[in-house]
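Listed below, chain by chain, are the residues.
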2 protein chains.
Amino acid sequence: MSPPFHQEADSPAARRAGAVLSVDLDALAENFGILAGHAASGIGCAAVVKADAYGLGIDRVAPALFAAGCRRFFVAQLDEGIELRGLLPQAEIHVLGGLLPGLENDFLAHRLIPTLNSLGEIETWAGHTSRLGEALGADLHVDTGMRRLGLPPDELDRLAGEPDRLAGIELSLLISHLACAEERDHPLNARQLADFRRARDRLPPCPASFANSSGIFLGPDYHFDLLRPGVALYGANPTPGRENPMRPVVRLQARIWQIRDARPGETVGYGAAYEVSRPTRIATVALGYGDGYPRALGNRGHVLVDGHAVAVIGHISMDSTAVDVSGLPESRVRPGMMVDVIGPDNSIDAVAAAAGTVAYELLTHLGRRYHRAYSGG
Amino acid sequence: MSPPFHQEADSPAARRAGAVLSVDLDALAENFGILAGHAASGIGCAAVVKADAYGLGIDRVAPALFAAGCRRFFVAQLDEGIELRGLLPQAEIHVLGGLLPGLENDFLAHRLIPTLNSLGEIETWAGHTSRLGEALGADLHVDTGMRRLGLPPDELDRLAGEPDRLAGIELSLLISHLACAEERDHPLNARQLADFRRARDRLPPCPASFANSSGIFLGPDYHFDLLRPGVALYGANPTPGRENPMRPVVRLQARIWQIRDARPGETVGYGAAYEVSRPTRIATVALGYGDGYPRALGNRGHVLVDGHAVAVIGHISMDSTAVDVSGLPESRVRPGMMVDVIGPDNSIDAVAAAAGTVAYELLTHLGRRYHRAYSGG
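Residues numbered from 1 in each chain as written. Chains lettered and ligands numbered in written order. Predicted model: local features only at pLDDT ≥ 70, side-chain atom pairs only at ≥ 80, totals over all residues. Heavy atoms only, no water.

A few words on the packing of aromatic side chains. Within a pair of aromatic rings, the relevant descriptors are the distance that separates the centres and the angle that separates the planes. All told, the structure shown has 14 aromatic pairs over all chains when counted by the stated rule. Measuring from centroid to centroid gives 6.5 Å for Y54 of chain A and Y360 of chain A, while their planes differ by 35°, and the two rings are tilted. Of the two residues, Y54 of chain A sits in helix α3 (residues 50–54) while Y360 of chain A sits in helix α12 (residues 359–365), which places them 306 residues apart along the sequence. Each member of the pair, Y54 of chain A as well as Y360 of chain A, carries the same accessibility label: buried. Taking the centre distance of 6.3 Å and the plane angle of 75° together, the rings of F107 of chain B and W125 of chain B count as edge-to-face. Of the two residues, F107 of chain B sits in helix α6 (residues 104–109) while W125 of chain B sits in helix α7 (residues 119–132), which places them 18 residues apart along the sequence. For W125 of chain B, a relative accessible area of 1% puts it in the buried group. Taken together, the aromatic side chains of F196, F210, Y222 and F224 of chain A make up a single cluster linked through ring pairs. The aromatic ring of F74 of chain A is capped on one face by R228 of chain A, whose charged end is 5.8 Å from the ring centroid. Directly above the ring of F66 of chain B sits R71 of chain B, whose terminal nitrogen or CZ lies 3.8 Å from the centroid. (Phe/Tyr/Trp six-rings, centres within 6.5 Å; stacked < 30°, edge-to-face > 60°. Helix = DSSP H or I, 4+ residues; strand = E, 2+ residues; numbered from the N terminus. Buried < 20%, exposed > 50% of the residue type's maximum accessible area, 1.4 Å probe, protein only. Lys NZ or Arg CZ within 6 Å of the ring centre and 35° of its normal.)

Positive phi, close to 50°, is recorded for R147 of chain A, a residue that is not glycine. With respect to the helices and strands, the residue R147 of chain A is situated in the loop between β7 (136–141) and α8 (153–161). Judged by its relative accessible area of 14%, R147 of chain A is buried. The residue Y54 of chain B is not glycine, and still its phi comes out positive at about 50°.

Moving on, we get to the domain arrangement of chain A. All names here are of chain A. The domain boundaries assigned to chain A delineate domain 1 (25–234) and domain 2 (250–375). Once you take the C-alpha centre of each, domain 1 and domain 2 turn out to be 38 Å apart. On the side of domain 2, ten residues touch domain 1, which itself brings twelve residues to the contact. Together, the buried faces of domain 1 and domain 2 total about 1000 Å²; carbon and sulfur atoms form 58% of this surface. When the area that domain 1 buries against domain 2 is broken down by residue, the three leading residues are Y54, L56 and V231, summing to 41%. The interface formed by domain 1 and domain 2 contains zero salt bridges. Residue assignment for the side of domain 1 that touches domain 2 shows that the elements contributing at least two residues are α2 (25–36) and α3. By residue number, the principal contributor to the side of domain 1 that touches domain 2 is α3, which donates three residues. Here the residues of the side of domain 1 that touches domain 2 are counted per class, giving six nonpolar, two polar and four charged. (Domains from an automatic or database assignment. Contact = heavy atoms within 4.5 Å. Buried area = accessible area lost by both parts, 1.4 Å probe. Salt bridge = Lys/Arg side-chain N within 4 Å of Asp/Glu carboxyl O. Nonpolar A, V, L, I, M, F, W, Y, C, P; charged D, E, K, R; others polar.)

Before going further, it helps to examine the relation of the copies chain B and chain A. Overlaying chain B with chain A gives an RMSD of 0.0 Å, the required rotation being 180° about an axis along which the chain moves by 0.0 Å. The two molecules are tied by a two-fold rotation axis, judged by turn and shift. In terms of C-alpha distance to the rotation axis, chain B has H365 of chain B as its closest residue, with the C-alpha 3.2 Å off the axis. A symmetric contact is evident, with 100% of the interface residues of chain B recurring at the interface of chain A. (Least-squares fit on C-alpha atoms with pLDDT ≥ 70 in both.)

With that out of the way, let us pick up the sheet that holds strand β4 (residues 72–75) of chain A. Residue and element names in this part refer to chain A. The strand order across the open sheet built from seven strands is β3-β4-β5-β6-β7-β8-β9, with neighbouring strands paired in parallel fashion. In the strand order of this sheet, the two ends are held by β3 (47–48) and β9 (208–209), each with one partner. Direction of pairing for strand β5 (residues 92–95) relative to strand β6 (residues 112–116): parallel, over a ladder of three bridges. Looking at β6, one finds that I93 is bridged to L112. (Pairing = 2+ DSSP bridges.)

Attention now moves to helix α9 (residues 187–202) of chain B. Each α-helix winds once per 3.6 residues, and so residues spaced three or four apart point in a common direction. Residues and elements named next belong to chain B. Across its 16 residues, α9 extends 23 Å between first and last C-alpha, which sits within 8% of the 22 Å expected from 1.5 Å per residue. Inspection of α9 places L188, N189, Q192, L193, F196 and A199 among the buried residues, and these make up the whole buried set. For α9, the arc enclosing every buried residue in end-on projection is 135°, short of the 170-degree limit, so these residues lie on one face. The outward face of α9, more than 90 degrees from its buried face, is lined by the exposed residues P187, R191 and D201. (Expected span 1.5 Å × (residues − 1). Arc of directions from axis to C-beta.)

So this is what it looks like as structure tokens:
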């Protein structure tokens, strides 16, 4: 692993901490460059930094991306946009969530670009432009298959037939979102692309943005004018089943609190959910689901002790996790030492898969109790 | 539901928020009283407030419990103890996690009581008392069946034979932890109780604490000198399968962003994981796994719209969740309205069970993106 990962690892807070989450801002910047470099020249690259930059800390992540050349950012919630505006006075900030009536001035006060997801939201924004007597920017979102946000087909039909509904609105972007981009050959990808192109042809001309992280790797047809990656920036593999083109950004290490021996017939943890079948040496690691380590990893996950994979045994507790270190010499396992929970040899994708979920959820659940060590940036 | 739950619900932040987490500090205080009242007079009741008070905010929860008469608190990590000391200068604060060498002065500086979990930790603390030339308090933790933290049987034997190892240490509490207290008839309960009593008889006399939330309901034999409830304070049922004796503390509501119709054959959300089989009206709710709403609830959970249970359809997204509102008249479902995600008719226990987990994990994963409205206290 790269040496400068833990520049703050010797701080008093790091020495007290049960676990340390290291975030490599240089790797993050490099990932932005990798993704931006995937498109032809002239096509821009934004960054999705919603949910506290996928759990990694928007206050450190967003400025690092800005320093790496990113100028356009997407968040989900209005309050996230307001927070980001405070961090990046010069950035272009798009808010993907709905525009509810009564919040128009909040968008303007913080120079945030709302996403208009329905005829109702278009009416709300157009009404505001009319009251103010000036044109206002907004993104227009058409749904092509997520059925989550964005104009459904019938509303698109009406809008195409009555373009005056957009009077006073300066369209910043036409956007849509892919449902199955991680599955390269999923038939919905091509259908969504065709629908997006058709929508674009029927609406006033403006730049278009379609590709999320995995969408970027579906090829240039999907790139349009602006890439919009999220999870790949943070190191998750946007091309499942193939080699991960991204650099790992996150490393999670936790300390061993105690080591004990257990005899056959004895049980481990809550609900006595693991029964020892042979003499077993157990290390208790200072990290649990209260830190975002998924409880679903009980009796399923593994961590690395001194580079050696050891199995999680029993249910995961709120504050600790038991692992079976019987296979390691006693001299290699001692209280106070750090074990690797997420890292280069135990990727966020692999840990998430073992827990029956995706890297996105694992990242956003990362707790607040860790010491966080940022390097680079 | 009780009327004063949302005293801050009309603040600008609440109006902007996609979701509002309401915490009823009066119900919390009442729960403390219910639990404390379960023991005979003279037996104390502490509160476990680790992991940011089970996700509900230690800065509001701990002072409310103190105001309700609680004077003794347990946390897991040293840094949690330091934070709590800043909030409650007068409280007695116990730190359950391991005592690693080099951190002794941190405990003293903040008047935190360490838990000694092993002979090694006893040696560390005794060494510190000897260097300082004064007696220092500590809890002693004996393991009776969790095999997580606390002296294992062989170390207990050695300590019982060499009580001088405790020289200079004033024992505040002898503690142990139940593994299966939620299962009233689990044979491990009685075995742990017998082992705890035996350990107590072999060690220098001091007050003892054994019962967690569910342990309190196993009866007076389990009470000893100090009850130590956690999750029941926050409204989870400590007696699964029987009526919940606790008051609900948490309510989670989220806003509807958009409503749309889908036709048979169309799919919903990521991975096209839900296929519509009849004309369906979908509401998109502004809450996702990025807010701690478990992704495992995709195609399994439900929320309440205007008191009516509606099913989650498709995968849960980071920022939103789709629900099927076809069964409700159009007039009862509109953008901007709040739906109940966790509340009196959708308990934390029930939501957690649907997600294949426990209320503890659900609570500690509650995100930071909500607007939080505290009432009472």
